[in-house]
Structures are given as C-alpha cells and as structure tokens.
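Here are the chains, one letter per residue:
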Amino acid sequence: MKDVTAVQDLTAKTTSSRVSDTSVSRRFLKPFAGESLSPPPMWLMRQAGRYLPEYRATRKEAGSFLDLCYNPKLAAEVTLQPIRRYGFDASILFSDILVVPDALGQRVTFAEGEGPRLQPIREVAGLARLSLSNAGEKFAIVWETVARLRQDLPKDTALIGFCGAPWTVATYMVEGQGSSDQGEARGWAYRDPAGFAQLIDILTDASIAYLPGQIKAGADVIQIFDSWAGSLAENQFQQWVVLPTARIVAALKAAHPEVPIIGFPKGAAAQLQHFVAGTNVDGVSCDTSCPLGVMQAVAARGTVAQGNLDPLLLVAGGAALDRRVDEILDAMTGKRFIFNLGHGIVPETPPEHVAQLVNRVRRNG
Ligand code: 1CP
C-alpha cells in the first residue's frame, strides 16, 4: 500500500492537461456516447513503427528502443508521425507494455532485430526484485510524453493511453521473452496459483498507479492490451484476465468515470460477451479471427466494437484490401464501431497501402 501511495503522490504532481480540453468534441469519442458515425472513427494498432521511414530515422537518433520510449520529445514525435501522414481520429501514446516491468525493477532490453529480453522470474522468491515505490520515476517520464502530446496534437485528435493487461505482461516476465504458448506462465499458474496471484496483483496495482497519471496528463481513452488472453482455459481466463482487468477498470472508473476503457482480449472471441460483462469495459478491440457477427452482437448490447482488419491485407493491398474493408464497413456501419486492425501493423507494410485504406474507409477512393 505504501508503494502505491508513493506513486500516487507523483501522479498528483503531474500537471493536468485535461482542464483546457473539455469543450473540444473529438469524433473518436462519439461511439462511446452511443453515436454511430459514418465513416467510423479510425486508428491502427502500431500506427507508429518501423513501416514508416520517419520512424526509422527517429528510432536511430534515439538509440535503443527503450531509449526512445523514455525520451518524451522523441516519443511524442513518433506518436505524431502517423497523424501527420494520415489524419487518424486517434493517436496512441508511443511506449510499450514492458515499460511496467522495467519500472518495477526487472530490467528489459530489446536486442536489435529480436524481441524483448528480461531476466525471467519463475517463482515467488523472484518477486522480491520488484518494487512499485521506485517505479514512479519511469512512469513520470511517460506521463510527460502524454502531456507534450496533448499540447502538440491537433485539438480534434483523441489521445489513447495504455498498459498491458496483468496476464500478458506477466507472460513476458515469467518467460523472459516472447513465446508461442506462454507455457512457463501457464505452468506456474497451475503449479502455484497463490504465488502466481502475487505477481498478477503486483501488476494490477502497478497499472492502477500508472494509468491515472496518463489520464491526468491528457489521455482521453485507455486501452488495455491482453495479447495472450487466448491461450487460457475458461477458468484460468476468468482468474487471470477477467478479474484483474475488472479491478483496474473499477479503480479507473472510480476516479475518472468519463474516460472510456477499451479491452483487447486477443484470441478470445468466444469469451467476448463474458469478458465485457465481467470487466465493465466500454469497448473491445476484436482480433482478426473474431467473426463480424460477434462484433455486431457486442455493439448491439451497447459496447463499442473495434477492429478487425487482417494486418496482412495491409501488406497485400489492392482489390483484396478494398473488398474486405467494404465487408467490414457494410457489417458495422450504423453500429457503435471504431475501424482498426485485428493486431498491429507489420514492418513490411507499404505506407501507400495505409493511405489506400484510409481513403477507402473514408469513402474517398
Ligand atoms: O522499433 C522497434 O524495433 C520496436 C518495435 C516495437 C514498437 C513500434 C515494439 C517492441 N513496441 C512498439 C510500440 C508499441 N508496443 C506500442 C506503441 C503504440 C502504437 O501502437 O503505435 C504499443 C501499444 C505496444 C504494445 C505491445 N508491446 C504489446 C501489445 C500489443 C500487441 O502487439 O500484441 C506487446 C505484446 C508488446 C511487446 C513487444 N514490444 C515490442 C515487440 C517486438 C513486442 C512483441 C514481442 C513478442 O514477439 O512477443
């Protein structure tokens, strides 16, 4: 508890950028107020990234990937790059879900051309390395990026803050890197559920300390990325995905009821209604395998559905891309819907295909 208070003190010191903004009506937020827009608001997961030459240049200037995440000026710059090119309705803070374990004391590195690397934590004794009381300094750097963005973004562009969901962040902390089946984390959760719950609780508390600082600095919406939710059995999904996410949502809603929260339980389309009911999120991001009928059903029950174009269609481009965009729009127009991909843009994506997509969604081409 003492840990959380220390970070909350820091949050209180963050200058609020929200106050001057309340009169601006951002179209991105309208589906959350029950309005369906045509064309729908749009943004793309990983809209800042290696597919853009200007990102590659800034990334080089910054040094390592985490140096970029912890440099408010350059992190804000790469956040703005896709907004300048494509005029998306929302921008997403440039950072990473692994900033949280790094801030807690489990140092993260990104080897060039490879994914993240962490010294794995495989049992309760390893949790002693983690401390929320020291995390505030790194969180504050991210909050500064958000505050800069709120100043520099066009006034009608929404700003999305985010964190990784406890389950997904835990998988990286336990594996020490990305993995195809999250086997080490699932194994620990079965072998020693009480010990694994301590890790999940630490991450839930950290998210509850981290996200309000993003909101106070100017984030209009929060997205919680649970990229590996789909690897869990039904009862494990309830315990490690639904309950911790519900605790984060309840804490944010108590302090900031006006800020919509989007969940992204990737790979869990069959549990989507259950996820929405159990967590109280305002929107769900739907992966590529989620049937449009499921997205329609979610939207019909009053939750915003976001998604779900295949990022590989954005590599392919051409008529196949146009056809699928039209199918998604035909299914979702008139509903509470935000156009997005089912997962992040891949580095091979030609930037002109993104322009083609934007024109198609906005019915300009
Ligand atoms: O420049 C580079 O080489 C790094 C590539 C990169 C980028 C652009 C990484 C490393 N992270 C990011 C940015 C990022 N990551 C954002 C920024 C905002 C935007 O969308 O534009 C966000 C929201 C994330 C979130 C994130 N990081 C997730 C959840 C979403 C998802 O993609 O599933 C995950 C799982 C990560 C971990 C991560 N960070 C980076 C990589 C390569 C990975 C995946 C590792 C693996 O293979 O498991």
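Note: the structure precedes this text.
From a predicted model like this one, the values you see are computed outputs, not experimental measurements.

The next thing to look at is the overall build of the chain. For the chain, the helix and strand inventory stands at 15 helices and 9 strands. Over its C-alpha atoms, taken along the principal directions, the chain stretches across nearly 60 × 40 × 40 Å. Residues counted as buried form 57% of the 365 residues belonging to the chain. Counted over contacts in the chain with a minimum sequence separation of 6, partners at least 24 positions apart contribute 75%.

Next up on the list: the layout of surface pockets. Space inside the largest pocket adds up to approximately 1,300 Å³. Lining the largest pocket are 38 residues; nearest its centre among them are Arg46, Arg50, Phe65, Asp96 and Phe110. Among the secondary structure elements, those contributing two or more residues to the lining of the largest pocket are α2 (53-62) and α7 (166-175). Of the residues forming the lining of the largest pocket, the biggest block, 3 residues, is contributed by α2. Per-class residue counts for the lining of the largest pocket are 22 nonpolar, 9 polar and 7 charged.

Attention shifts here to the environment of leucine 93. By the secondary structure assignment, leucine 93 is in the loop between β1 (90-92) and α5 (99-104). Ignoring anything within four residues of it in the chain, the contact list for leucine 93 reads Thr79, Val142, Thr145, Val146, Leu149, Leu159, Ile160, Phe162 and Gln214.

We now examine the packing of aromatic side chains. The full count for this structure, using the stated rule, is 14 aromatic pairs. For the ring pair phenylalanine 139 and tryptophan 143, a centre distance of 6.2 Å and an interplane angle of 50° mean the geometry is tilted. Taken together, the residues phenylalanine 139 and tryptophan 143, both in helix α6 (residues 136-152) and 4 residues apart, mark about one turn of the helix. The residues phenylalanine 139 and tryptophan 143 share a single accessibility class, namely buried. When the ring of phenylalanine 196 is compared with that of tryptophan 240, the centres are 4.9 Å apart and the planes differ by 90°; the resulting orientation is edge-to-face. Within this pair, whereas phenylalanine 196 is found in helix α9 (residues 193-217), its partner tryptophan 240 is found in helix α10 (residues 234-255), the two being separated by 44 residues in sequence. Among the residues examined, tryptophan 240 registers a relative accessible area of 2% and is labelled buried. Among the aromatic side chains, those forming a connected cluster through ring pairs are Tyr55, Phe65, Phe94 and Phe110.

Think of an α-helix as 3.6 residues a turn; residues three or four steps apart then line up on the same face. If you check α9, its first and last C-alpha atoms are 36 Å apart, about what 25 residues at 1.5 Å a residue would give, namely 36 Å. One or two positions beyond α9, positive phi appears at glycine 218, with a value near 130°.

What follows is about the environment of arginine 191. With respect to the helices and strands, the residue arginine 191 is situated in helix α8 (residues 183-191). Residue arginine 191 is classed as exposed on the basis of its relative accessible area, which comes to 57%. Here the alpha-carbon distance between arginine 191 and serine 64, two residues 127 residues apart in the chain, equals 36 Å.

Around the ligand, 22 residues are found, and the nearest of them are Arg46, Tyr55, Tyr172, Ser227 and His343. In this structure, arginine 46 approaches the ligand through a main-chain N or O atom, which is 2.6 Å from an oxygen atom. Taking glutamine 47, its main chain carries an N or O atom lying 3.3 Å from an oxygen atom of the ligand. Contact with the protein chains hides 86% of the accessible area of the ligand, taken as 900 Å² for the molecule alone. Applying the majority rule of atoms within 2 Å of the grid points places the ligand in the largest pocket. Considered class by class, the residues forming the shell around the ligand number 13 nonpolar, 5 polar and 4 charged.

With that out of the way, let us pick up the pairing of strand β7 (residues 283-286). Neither face of β7 is exposed, since Gly283 and Ser285 on one face and Val284 and Cys286 on the opposite face are all buried. As judged from the 2 bridges shared by strand β6 (residues 261-265) and β7, these two strands associate in the parallel manner. Each residue of the ladder has a partner; that of isoleucine 262, found in β7, is glycine 283. Each parallel crossover has a hand, and for β6 linked through helix α11 (residues 272-279) to β7 it is right-handed. Here β7 runs beside strand β8 (residues 304-309); their pairing, made up of 4 bridges, is parallel.

Moving on: the pairing of strand β5 (residues 221-226). Side chains on a regular strand alternate between the two faces of the sheet. With respect to burial, β5 is a largely interior element, 6 of its 6 residues being buried. Burial along β5 is two-sided: Val221, Gln223 and Phe225 and Ile222, Ile224 and Asp226, pointing in opposite directions, are all buried. Of the pairings in the sheet, the one linking strand β4 (residues 158-164) to β5 comprises 5 bridges and is parallel in character. Of the residues in β5, the one forming a bridge with phenylalanine 162 is glutamine 223. Pairing of β5 with β6 involves 5 bridges; the strand directions are parallel.

Here we come to the sheet that holds β8. Strand order in the open sheet made by the 7 strands is β1-β4-β5-β6-β7-β8-β9, with parallel pairing throughout. Edge positions in the sheet fall to β1 and β9 (337-341), since each of these pairs with one other strand and no more. Averaged over all pairs of adjacent strands, the angle between strand axes in this sheet comes to 25°, irrespective of strand direction.

Core analysis: the biggest nonpolar cluster contains 124 residues, and Phe196, Leu199, Phe339 and Leu357 have the highest contact counts within it. Looking at which element gives the most residues to this core, the answer is α9, with 11 residues. Filtering out sequence-adjacent residues up to four positions away, leucine 357 remains in contact with Met42, Leu44, Leu309, Leu314, Leu321, Val325 and Phe339.

Reading the values: the criteria
Residues numbered from 1 in each chain as written. Predicted model: local features only at pLDDT ≥ 70, side-chain atom pairs only at ≥ 80, totals over all residues. Heavy atoms only, no water. Helix = DSSP H or I, 4+ residues; strand = E, 2+ residues; numbered from the N terminus. Buried < 20%, exposed > 50% of the residue type's maximum accessible area, 1.4 Å probe, protein only. Contact = heavy atoms within 4.5 Å. 1 Å grid on protein atoms, 1.4 Å probe; cavity = no way out; pocket = protein on both sides within 12 Å on 5 of 7 lines; lining within 4 Å. Points joined across faces, edges and corners; volume = space filled by probe spheres on them. Nonpolar A, V, L, I, M, F, W, Y, C, P; charged D, E, K, R; others polar. Phe/Tyr/Trp six-rings, centres within 6.5 Å; stacked < 30°, edge-to-face > 60°. Expected span 1.5 Å × (residues − 1). Near = heavy atom within 4 Å. Polar contact = N/O pair within 3.5 Å; in protein donor to acceptor, adjacent residues only side chain to side chain. Areas by Shrake-Rupley, 256 points an atom, 1.4 Å probe, with all protein chains shown as cover. Sits in = over half its atoms within 2 Å of the grid points. Pairing = 2+ DSSP bridges. Right-handed = clockwise from strand over helix to strand, strands pointing away. Axes fitted to C-alpha atoms, helices over the stretch in contact; angles between N-to-C directions. Core = buried A, V, L, I, M, F, W, Y, C linked by side-chain atoms within 4.5 Å.

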